[in-house]
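Residues per chain, in single letters:
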Amino acid sequence: MLVLVLDSSTPAVTAALAEITADSVAPRGERSVVDARAHGELLAPQVSALFAEAGARPPDLAAVVAGLGPGPFTGLRVGLVTAASMGQVLGIPTYGVPSLDAIGHAATHPRSGAAPEVGPVLVATDARRREIYWAVYDLTGDRLAGPDVDTPTAVAERARELGVRVAVGEGARRYADILGLPPRAGLDHPPAYALAELAAARVRAGAPGDRLTPLYLRRPDAVAATGRKPVLR
């Protein structure tokens, strides 16, 4: 079953194709560009290029998998709206996976041949405003705490309480001095293979699709005006 994987919860704009069989998840192609200001411009061309490179077409898809965040409002919406639209047009299910879960899964189930973390693992991505989105995972990849958004100082205290030994994600690298944890390189953003693996059981079972509800964790920066300013005084 061919699956399209999308994530725009971080500055990395990621699109990938994966083949899900009864016992494996095999990559068919991936494109990922780090640009926090160009999610809308980058994602659609990436998807088109993937299909061309794989010799596939959108009707070949069995499902769409999307990272649910948490992430900044505008960027996160790009991936979720694209996934929901394709699912509706093609009449196929869409499955959501929390993006922090994907990084936690990759840390505890690496594909590169690296040894898995022994846990607990802090996953932290940049939430701007000098805050981080975070969650903590045990050695099997199960979530112990979070997801939430806090200052690095508050997360550092919580991580100590949970016995965290290592941190991954862009936020972990950016605020390593405050968190007091060694950041692991190479896991700044959610890997497409991890998103696909976390959704694989639902894809294989033909489970009903999810409503792709974003994990914003806080209100967007831009809000509607609550009143009108007088023109004449």
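Reading the values: rules and limits
- Residues numbered from 1 in each chain as written.
- Predicted model: local features only at pLDDT ≥ 70, side-chain atom pairs only at ≥ 80, totals over all residues.
- Heavy atoms only, no water.
- Helix = DSSP H or I, 4+ residues; strand = E, 2+ residues; numbered from the N terminus.
- Rg over C-alpha atoms; globule rule 2.2 N^0.38 Å.
- Buried < 20%, exposed > 50% of the residue type's maximum accessible area, 1.4 Å probe, protein only.
- Contact = heavy atoms within 4.5 Å.
- Areas by Shrake-Rupley, 256 points an atom, 1.4 Å probe, with all protein chains shown as cover.
- Polar contact = N/O pair within 3.5 Å; in protein donor to acceptor, adjacent residues only side chain to side chain.
- Pairing = 2+ DSSP bridges.
- Axes fitted to C-alpha atoms, helices over the stretch in contact; angles between N-to-C directions.
- Salt bridge = Lys/Arg side-chain N within 4 Å of Asp/Glu carboxyl O.
- Core = buried A, V, L, I, M, F, W, Y, C linked by side-chain atoms within 4.5 Å.
- pLDDT = per-residue confidence, 0-100.
- Parallel < 35°, antiparallel > 145°, perpendicular 65-115°, else oblique.
- Left-handed = near helix turned anticlockwise from the far one by under 90°.
- Nonpolar A, V, L, I, M, F, W, Y, C, P; charged D, E, K, R; others polar.

Draft legend 1. Focus on the overall build of the chain. Counting its regular elements, the chain contains seven helices and nine strands. Computed over its C-alpha atoms, the radius of gyration of the chain comes to 18 Å, within 12% of the 17 Å expected for a compact globule of 233 residues. Referenced to the eigenvectors of the C-alpha coordinate spread, the extents of the chain come out at roughly 65 × 50 × 30 Å. Here the chain holds 233 residues, and the buried ones make up 50% of them. A fraction of 64% describes how many contacts in the chain between residues 6 or more apart in sequence connect residues 24 or more apart. When the accessible area of the chain is evaluated, it comes to approximately 11500 Å², of which 53% is carbon and sulfur surface.

Draft legend 2. The arrangement of the side chain of His-189 in detail. Mapped onto the secondary structure, His-189 falls in the loop between helix H6 (176–179) and helix H7 (192–205). For His-189, the side chain forms a polar contact with the side chain of Thr-10, separated by 3.1 Å.

Draft legend 3. Structural view of the sheet that holds strand S8 (residues 143–150). The strand order S8-S7-S6-S9 describes an open sheet built from four strands, whose pairing is mixed. Of all the strands in the sheet, just S8 and strand S9 (166–168) have a single pairing partner and so form its edges. With strand direction ignored, the average angle separating the axes of adjacent strands in the sheet is 20°. Two strands pair when backbone bridges link them, and strand S6 (residues 121–126) and strand S7 (residues 132–137) are joined in this way by six bridges, in the antiparallel orientation. If you follow Thr-125 over to S7, its bridge partner there is Tyr-133.

Draft legend 4. Here's a closer look at the pattern of salt bridges. Per the counting criterion, the structure on display carries eight salt bridges. The partner of Glu-161 in a salt bridge is Arg-158, and the shortest N-O contact between them spans 3.1 Å. Taken together, the positions of Glu-161 and Arg-158, both in helix H4 (residues 152–161) and three residues apart, correspond to about one turn of that helix. We classify Glu-161 as exposed; its relative accessible area is 54%. A salt bridge links Arg-173 to Asp-188; the nearest nitrogen and oxygen atoms lie 2.8 Å apart. Of this pair, Arg-173 sits in helix H5 (residues 170–174) while Asp-188 sits in the loop between H6 and H7, placing them 15 residues apart in sequence. According to the relative accessible area criterion, Arg-173 is partly exposed, its value standing at 46%. Salt bridges linked by common partners bring Asp-126, Glu-170 and Arg-174 together as one network.

Draft legend 5. Representation of the nonpolar core within the structure. Counting residues in each nonpolar core, the largest one holds 33 residues, and the members touching the most others are Val-3, Val-5, Val-65 and Val-168. Per-element tally for this core: the top contributor is H7, with eight residues. With sequence-adjacent residues up to four places away left out, Val-3 is seen in contact with Ala-16, Leu-17, Ala-18, Ile-20, Leu-61, Ala-63, Val-65 and Val-203. Of all hydrophobic cores here, the second largest spans 24 residues; its members include Leu-6, Val-47, Ala-54 and Tyr-216.

Draft legend 6. Looking closely at the sheet that holds strand S1 (residues 2–7). Pairing is mixed across the open sheet formed by five strands, whose spatial order is S3-S2-S1-S4-S5. Two strands close off the open sheet at either side, each with one partner strand: strand S3 (25–34) and strand S5 (94–97). Neighbouring strand axes in the sheet, compared pairwise and without regard to direction, differ in orientation by 20° on average. In this sheet, strand S2 (residues 12–20) lies alongside S1 in antiparallel orientation, the contact comprising six bridges.

Draft legend 7. Local environment of the confidence of the model for the chain. Counting all residues, the mean pLDDT for the chain is 91, and 91% of those residues have values of 70 or more. Overall, residues 221–225 carries pLDDT values under 50, and its contacts beyond four positions in sequence, including any with other chains, amount to one contact.

Draft legend 8. Highlighting the pairing of S3. One ladder, built from nine bridges, connects S2 with S3; its direction is antiparallel. Note that in S3 the partner of Leu-17 across the bridge is Gly-29. Taken together, S2 and the strand that follows it, S3, pair antiparallel across an intervening segment of four residues.

Draft legend 9. Focus on the packing of helix H1 (residues 39–54) against helix H2 (residues 73–90). Two numbers describe how H1 lies on H2: the axes approach to 9 Å, and their chain directions differ by 40°. Between H1 and H2, the angle falls in the class oblique. By crossing handedness, the relation of H1 to H2 is classed as right-handed. Contacts between H1 and H2 pair His-39, Gly-40, Leu-43 and Phe-51 from the former with Gly-75, Val-78, Gly-79, Thr-82 and Met-86 from the latter. In terms of residue class, the contact of H1 with H2 is made up of four nonpolar, five polar and no charged.

Draft legend 10. Local environment of the pairing of S1. For S1, the tally of buried residues reaches six of six residues, placing the bulk of the element in the interior. With burial as the criterion, each face of S1 is covered, one bearing Leu-2, Leu-4 and Leu-6 and the other bearing Val-3, Val-5 and Asp-7.

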